[in-house]
Amino acid sequence: MHFFLVNVLQSATYILIMVDPDAPSRSSPQARFWRHWLVTNIKGADLKKGEIKGQELSAYQPPTPPPLSGFHRYQFSVYQQEGKAISLLPEESAGRGKASPSFKARVNSGMDQILH
């Protein structure tokens, strides 16, 4: 998968998150923001070339919506990491379901989102 972003600082480090906000369905999204991919420590120079190289905290899982669940949206967000170490708590690593508030807070605290 390749991304081409314009506002990338080559010397910075980034985080990529891919989620399905409609899991398992738009009408009943109990697993909202199902994590399909989480990569940290992506070098800006690689990201600028469209290459996603970094530490995969959640390996890429292609979209596989349940049968008859309707349309699903898939959101990609890129954050500037700003030298912070990002990790998943044990309960977050155990599954890809609904993102915990603590994870959202850790990712969002002080990081600039450049793409959503």
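Keep in mind the model is a prediction, meaning the values are calculated, not measured.

Student: Hey, could you run me through the overall build of the protein in this one?
Tutor: Secondary structure assignment for the protein yields three helices and five strands. Along the protein, from the amino end to the carboxyl end, the secondary structure elements read β-β-α-β-β-α-α-β. Considering the protein as a whole, with its 116 residues, one finds that 39% of them fall into the buried category. Within the protein, contacts between residues at least 6 apart in sequence are counted, and of these 68% link residues at least 24 apart. When the accessible area of the protein is evaluated, it comes to approximately 6700 Å², of which 57% is carbon and sulfur surface.

Student: Looking at this structure, how should I read the packing of aromatic side chains?
Tutor: Pairs of aromatic rings are described using the distance from one ring centre to the other and the angle between the two planes. Under the definition given, this model contains one aromatic pair. Where W37 meets Y60, the ring centres are 5.2 Å apart and the plane angle is 75 degrees; that geometry is what we call edge-to-face. Linking W37 in strand β2 (residues 34-43) with Y60 in the loop between β3 (55-58) and β4 (75-80), this pair joins segments that are 23 residues apart in sequence. Its relative accessible area of 6% is what places W37 among the buried residues. Look at Y60 and you get partly exposed, because its relative accessible area is 34%.

Student: Looking at this structure, how should I read the environment of S11?
Tutor: Here S11 shows up in the segment before β1 (13-20). A relative accessible area of 75% means that S11 is categorised as exposed. Sequence separation between S11 and A45 is 34 residues, and the spatial gap between their C-alpha atoms is 6.8 Å.

Student: What am I meant to see in unusual backbone geometry here?
Tutor: Excluding glycine, most residues fall at negative phi; most peptide bonds, likewise, are trans. A cis geometry characterises the amide bond from A23 onward to P24, with omega recorded as -5 degrees. You can see P24 is positioned in the loop between β1 and β2.

Cut-off values and rules
Residues numbered from 1 in each chain as written. Predicted model: local features only at pLDDT ≥ 70, side-chain atom pairs only at ≥ 80, totals over all residues. Heavy atoms only, no water. Helix = DSSP H or I, 4+ residues; strand = E, 2+ residues; numbered from the N terminus. Buried < 20%, exposed > 50% of the residue type's maximum accessible area, 1.4 Å probe, protein only. Contact = heavy atoms within 4.5 Å. Areas by Shrake-Rupley, 256 points an atom, 1.4 Å probe, with all protein chains shown as cover. Phe/Tyr/Trp six-rings, centres within 6.5 Å; stacked < 30°, edge-to-face > 60°.

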